[in-house]
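As a plain string of letters, each chain reads:
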Amino acid sequence: MTRIVIVGAGFAGHRAARALSRTLPKERVEIVLLNPTDYFLYLPLLPQVAAGILEPRRVTVSLVRTLPRVRLVLGEATQVDLAGHRVHYTDPDGTPGELAYDRLVLAVGSVNKLLPIPGVSEYAHGFRGLPEALYLRDHIVRQVEMAGAAPHADECGARCTFVVVGAGYTGTEVAAQGKIFTDALHAQMSRPKEPFGPAWRSPDTRPRWLLLDIAPRVLPELDRRLSETADRVLRARGVEVRTGTSIKEATPDGVLLDDGEFVPTRTLVWCVGVRPDPLVADVGLPVDRGRLRVTAELNVPGHPDVFACGDAAAVPDLTRPLPGGDGNGSGYELTPMTAQHATRQGDVAADNVAASLGYGTARAYRHHDLGFAVDLGGVKAAANPLGVPLSGLLAGAVTRGYHLAAMPGNRVRVAADWLLEAALPRQAVQLGLVSSWSVPLDTSSPEVARLPGRSRQ
């Protein structure tokens, strides 16, 4: 049997596995999916998990259920042996293993992008995996509850101050959703409880959210009209948006901004962007900005049996030629690292892998952006479907409709949680499922909480 090994079950890997399983005859081709978890994570809705809107399982889609013809192997890839046509991995118990392949699809995705700022790796937490979202949710609830009981206004202010670094897609949504969440907690704790009075002991202190970015505007990678809408909504909600600003140092008691201001806080959320999974650099093939160089057909030059897609691949964007380009792959910009591109690249990679085995015809990747949608919490959103700028309630409806259409499963459950959120007060309790030390910022598998006594960095 011919064996196809797909490494990674993100947007690109999941779509490639699904397309291949529907295209190739199961009697002649075995499809193996290597992934650290048994689920596909729908990242765009992760901020709603951290804010207590969606239950964690709503944004996780079972790989076994949605890919019935694909053999799932739980493990984290550690090495790709191109000469031996093998992928080495470590399973959840720490046992090494290997998979031989006839065709390889690298779709390992991305991890948190780090900057050489003192204290960040020790005191900041990223936002790329489910454990991080679960930890942040507990942490926010815990800090607000401790702030309410703090005997001094200074301690109360530090505990209910939340700093988000990075005003891109993820950071903007985390700050927008988080402000609504903490305001609701504060309102609940500020109600008088006879005969003891309110639980919030510092009446002049309220939850404070800061959104920082070195760029001149929020959502700098998106259309300016989306940026202006998001900025307006955030500021009206009370989020302190500080553009052209970043942090100089992080400490246990707060963060030092590059303008000299020290902000006392116990919460630093790191959303400055992503970088390709470290496995990409270890393959030993040419990379471009940390991403594996591929042709427009998503094939690795010189290795006809290896394909790459998603955040791991430097895919030439045939819709955006560079001025004076030479007309080949180097004459185009690279596709951005977005879910929209990763999903469609997964389809193209599947078609081209199948074509290399004699099923169908290979094709180049070409896709025009269909627009973006940013959920700003409540009924607020910013969207530009097909280039048409929207805001307010209509943008909110379009955004949620887009997410329901894009999810490969759990649509009814997600919609039900949204309905419950609109009708009932949010449940704000600590679950204690993920501890701080198990979600380090610098990890190659942000979707997997670190096990006791075993490093996953």
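Residues numbered from 1 in each chain as written. Predicted model: local features only at pLDDT ≥ 70, side-chain atom pairs only at ≥ 80, totals over all residues. Heavy atoms only, no water.

Caption draft 1: Region of interest: the layout of surface pockets. There is about 330 Å³ of room inside the second largest pocket. If you list the elements that add at least two residues to the lining of the second largest pocket, you get helix H5 (130-149) and helix H12 (411-423). (1 Å grid on protein atoms, 1.4 Å probe; cavity = no way out; pocket = protein on both sides within 12 Å on 5 of 7 lines; lining within 4 Å. Points joined across faces, edges and corners; volume = space filled by probe spheres on them. Helix = DSSP H or I, 4+ residues; strand = E, 2+ residues; numbered from the N terminus.)

Caption draft 2: Structural context of the environment of Val 164. You can see Val 164 is positioned in strand E11 (residues 161-165). Put simply, Val 164 and Glu 76 are 88 residues apart on the chain and 29 Å apart in space, counted from C-alpha to C-alpha. Not counting chain neighbours up to four residues away, the residues in contact with Val 164 comprise Gly 171, Val 174, Ala 175, Trp 209, Leu 210, Leu 211, Leu 212, Val 269 and Cys 271. (Contact = heavy atoms within 4.5 Å.)

Caption draft 3: Representation of the pairing of strand E1 (residues 2-7) in the model. One ladder, built from six bridges, connects E1 with strand E2 (residues 29-35); its direction is parallel. Bridge pairing in E2 places Arg 3 opposite Glu 30. One ladder, built from four bridges, connects E1 with strand E9 (residues 103-106); its direction is parallel. Note on E9: the bridge partner recorded for Val 5 is Leu 104. (Pairing = 2+ DSSP bridges.)

Caption draft 4: Structural detail: the side chain of Arg 291. Structurally, Arg 291 is set in strand E20 (residues 291-293). Of the side chains bearing the opposite charge, Asp 311 lies closest to the buried Arg 291, which forms no salt bridge; the N-O distance is 5.7 Å. A distance of 2.9 Å separates the side chain of Arg 291 from the backbone oxygen of Thr 335, its partner in a polar contact. (Buried < 20%, exposed > 50% of the residue type's maximum accessible area, 1.4 Å probe, protein only. Lys, Arg positive; Asp, Glu negative; His and termini not counted. Salt bridge = Lys/Arg side-chain N within 4 Å of Asp/Glu carboxyl O. Polar contact = N/O pair within 3.5 Å; in protein donor to acceptor, adjacent residues only side chain to side chain.)

Caption draft 5: Spatial organisation of the nonpolar core. If you look at the biggest cluster of nonpolar residues, it comprises 113 residues, and the most contacted ones within it are Ile 6, Val 7, Leu 20 and Leu 104. Broken down by element, this core gets its largest block of residues, nine residues, from H5. Non-local contacts of Ile 6, meaning those with residues more than four positions away in its chain, are made with Gly 13, Ala 16, Ala 17, Leu 20, Ile 31, Val 32, Leu 33, Leu 34 and Val 105. Within the second largest apolar cluster, 15 residues are counted, among which are Ile 117, Ala 124, Leu 212 and Trp 270. (Core = buried A, V, L, I, M, F, W, Y, C linked by side-chain atoms within 4.5 Å.)

Caption draft 6: A look at the sheet that holds strand E15 (residues 254-257). Read from one edge to the other, the open sheet built from three strands follows the order E14-E15-E16, with strand pairing classed as antiparallel. With partners counted over all chains shown, the strands left at the sheet margins are strand E14 (247-251) and strand E16 (262-264), one partner each. Strand-to-strand twist in this sheet, taken as the mean axis angle between neighbours without regard to direction, amounts to 20°. Strand direction decides the pairing type here: E15 and E16, joined by three bridges, are antiparallel. Residue pairing for E16: Leu 256 is matched across the bridge by Phe 262. (Axes fitted to C-alpha atoms, helices over the stretch in contact; angles between N-to-C directions.)

Caption draft 7: Looking closely at helix H1 (residues 11-23). Spanning 13 residues, H1 covers 18 Å between terminal C-alpha atoms, matching the ideal 18 Å at 1.5 Å per step. Taken residue by residue, H1 has Phe 11, Ala 12, Gly 13, His 14, Ala 16, Ala 17, Ala 19, Leu 20 and Ser 21 as its buried positions. Looking at the buried residues of H1, the elements they touch are E1, E2, strand E3 (39-41), helix H3 (63-66) and helix H10 (339-356). (Expected span 1.5 Å × (residues − 1).)

Caption draft 8: Inspection of the packing of helix H11 (residues 392-406) against H12 at higher detail. Remark: H11 packs on H12, axes separated minimally by 9 Å, with the N-to-C direction vectors making an angle of 155°. By the angle between their directions, the pair H11 and H12 is classed as roughly antiparallel. Relative to H12, H11 is oriented so that their crossing is right-handed. Residue-level contacts link Arg 400, His 403, Leu 404 and Ala 405 of H11 to Arg 411, Val 414, Ala 415 and Trp 418 of H12. Here the residues of the contact of H11 with H12 are counted per class, giving five nonpolar, one polar and two charged. (Parallel < 35°, antiparallel > 145°, perpendicular 65-115°, else oblique. Left-handed = near helix turned anticlockwise from the far one by under 90°. Nonpolar A, V, L, I, M, F, W, Y, C, P; charged D, E, K, R; others polar.)

Caption draft 9: Seen up close, the packing of aromatic side chains. A complete count under the given rule lists three aromatic pairs for this structure. Taking 5.1 Å as the distance between ring centres and 85° as the angle between the ring planes, the aromatic pair formed by Phe 11 and Phe 40 counts as edge-to-face. On the criterion of sequence distance, the pair formed by Phe 11 in helix H1 and Phe 40 in strand E3 is long-range, its members being 29 residues apart. An identical accessibility class is assigned to Phe 11 and Phe 40; each is buried. Taken together, Phe 11, Phe 40 and Tyr 42 form an aromatic cluster joined through their ring pairs. (Phe/Tyr/Trp six-rings, centres within 6.5 Å; stacked < 30°, edge-to-face > 60°.)

Caption draft 10: Focus on empty space enclosed by the protein. According to the stated counting rule, one finds one cavity of 30 Å³ or more in the structure shown. The space that makes up the largest cavity amounts to roughly 50 Å³. Around the largest cavity sit Pro 47, Ala 50, Ala 51, Phe 127, Ile 140, Glu 173, Val 174, Gln 177, Gly 178 and Phe 181, which together line it. Every element with two or more residues in the lining of the largest cavity is listed here: helix H2 (46-50) and helix H7 (169-190). With five residues, the single largest contributor to the lining of the largest cavity is H7. For the lining of the largest cavity, the class distribution of residues is seven nonpolar, two polar and one charged.

Caption draft 11: Layout of the packing of H7 against helix H8 (residues 224-237). Direction vectors running N to C along H7 and H8 enclose 25°, while the axes themselves pass 10 Å from each other. One element, H7, and the other, H8, form an angle in the roughly parallel class. Crossing geometry of H7 relative to H8 is assigned as left-handed. Residues Thr 172, Ala 176, Lys 179, Ile 180 and Asp 183 of H7 form the contact with H8, whose participating residues are Ala 230, Leu 234 and Arg 237. Taken together, the residues of the contact of H7 with H8 break down into four nonpolar, one polar and three charged.

Caption draft 12: Representation of the sheet that holds E20. Ordered in space as E19-E20-E23, the three strands form an open sheet in which the pairing is mixed. Each end of this open sheet is capped by a strand with a single partner; those strands are strand E19 (287-288) and strand E23 (313-314). Inspection of the sheet shows E20 paired to E23 by two bridges, in the parallel sense. When the sheet's bridge partners are listed, Arg 293 is paired in E23 with Ala 314.

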